[in-house]
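Here is how the chains run, residue by residue.
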Amino acid sequence: MKYKILIFDLDDTLIDNKENVRAAFKRMLAYRGLVYSGSEFEHWYGIDKRFWSDWQDGLVELPARFKHEVGKKSHEYLDWVRAQRVLLYFNNSIRLEYAIELNNVFMKALGETIHAIDGTHSTLQYLSKRYKLLVATNGPKIATKQKLEKIGCRQYITEILSADMFGYMKPKIEFFEAIEKKYADFNRSDYLIIGDSLKSDVGFGMNVGIDSCWFNKDNDELDDRYQPTISIHKLSELVDML
Ligand SMILES: [Mg+2]
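Q: Please explain the domain arrangement of the chain as it appears in this structure.
A: Each assigned domain of the chain is listed with its residue range as follows: domain 1 (5-16 + 116-241) and domain 2 (17-110). Each of domain 1 and domain 2 has a C-alpha centre, and the two are 24 Å apart. Facing 16 residues of domain 1, the contacting portion of domain 2 comprises 16 residues. For the pair domain 1 and domain 2, the two sides together bury roughly 1200 Å², of which 44% comes from carbon and sulfur. As a salt-bridge pair, Lys199 and Asp57 come within 3.1 Å of each other at their nearest N and O atoms. On inspection of domain 1 and its partner domain 2, the count reaches 10 residue pairs in polar contact (both at pLDDT 80 or more). Of all the elements in the fold, those that place two or more residues in the side of domain 1 that touches domain 2 are helix 7 (163-166) and helix 9 (198-208). For the side of domain 1 that touches domain 2, the per-class residue count stands at six nonpolar, three polar and seven charged.

Q: Just to check I follow, could you spell out the packing of helix 8 (residues 173-182) against helix 9 for this structure?
A: To characterise two packed helices, one gives the angle between the axes of the helices and the distance between these axes. Where helix 8 meets helix 9, the closest approach of the two axes is 9 Å, and the angle between their N-to-C directions is 70 degrees. Judged by the inter-axis angle, helix 8 sits roughly perpendicular to helix 9. Contacts from Ile173, Phe175 and Phe176 of helix 8 reach helix 9 at Phe204, Asn207 and Val208. Of the residues assigned to the contact of helix 8 with helix 9, the class counts are five nonpolar, one polar and no charged.

Calculation rules
- Residues numbered from 1 in each chain as written.
- Predicted model: local features only at pLDDT ≥ 70, side-chain atom pairs only at ≥ 80, totals over all residues.
- Heavy atoms only, no water.
- Domains from an automatic or database assignment.
- Contact = heavy atoms within 4.5 Å.
- Buried area = accessible area lost by both parts, 1.4 Å probe.
- Salt bridge = Lys/Arg side-chain N within 4 Å of Asp/Glu carboxyl O.
- Polar contact = N/O pair within 3.5 Å; in protein donor to acceptor, adjacent residues only side chain to side chain.
- Helix = DSSP H or I, 4+ residues; strand = E, 2+ residues; numbered from the N terminus.
- Nonpolar A, V, L, I, M, F, W, Y, C, P; charged D, E, K, R; others polar.
- Axes fitted to C-alpha atoms, helices over the stretch in contact; angles between N-to-C directions.
- Parallel < 35°, antiparallel > 145°, perpendicular 65-115°, else oblique.

Given below as structure tokens:
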């Protein structure tokens, strides 16, 4: 066994995020008295993905009052950031406070109905006997814990590490340095990061200098800016590999 610690991404690696987002989006629309449709969902899903990608790339302008916040952020700051997707979806036709309220409905619902990716339970169960398993996510810690509990996998994970604990998102090296501080007895060669995102997971491994496993469940073409150490199409492939 070459590795000692496996770091798993959460959304779209262990959890079927799109189905979860769909259920939460339905709840948010119902709260606002609107009817769900598949095309509205695709619209929301696109805004949500694009927003977080822009956010990671530093393309979202922060109000001056938050610019001094570095590292761990205030609730007010996090509420503002998350509410921006809601404002974009409603074309800025609602107030910030109401967007925050709608986002809270959305986030609460996100933690309630959870769909796991195929093979999550059996794969984690098997690997947990051989490796220390961590989850490192750019999502909020509370929702992550709830999701893992809902799919019956919390007991296989030694620790949940989330961007909101440290104030840095994957693929930022500071996120890994915060993890490394907690596991000071291990070397970078002991780690493998496993995730669906080339940018956040494979890119994280490359930035930090640890091996990465690209979970390419949709059979996407590999972007040649990224070099995963290994690639899989199904989680259960890890059982034979590791
Ligand atoms: Mg992911």
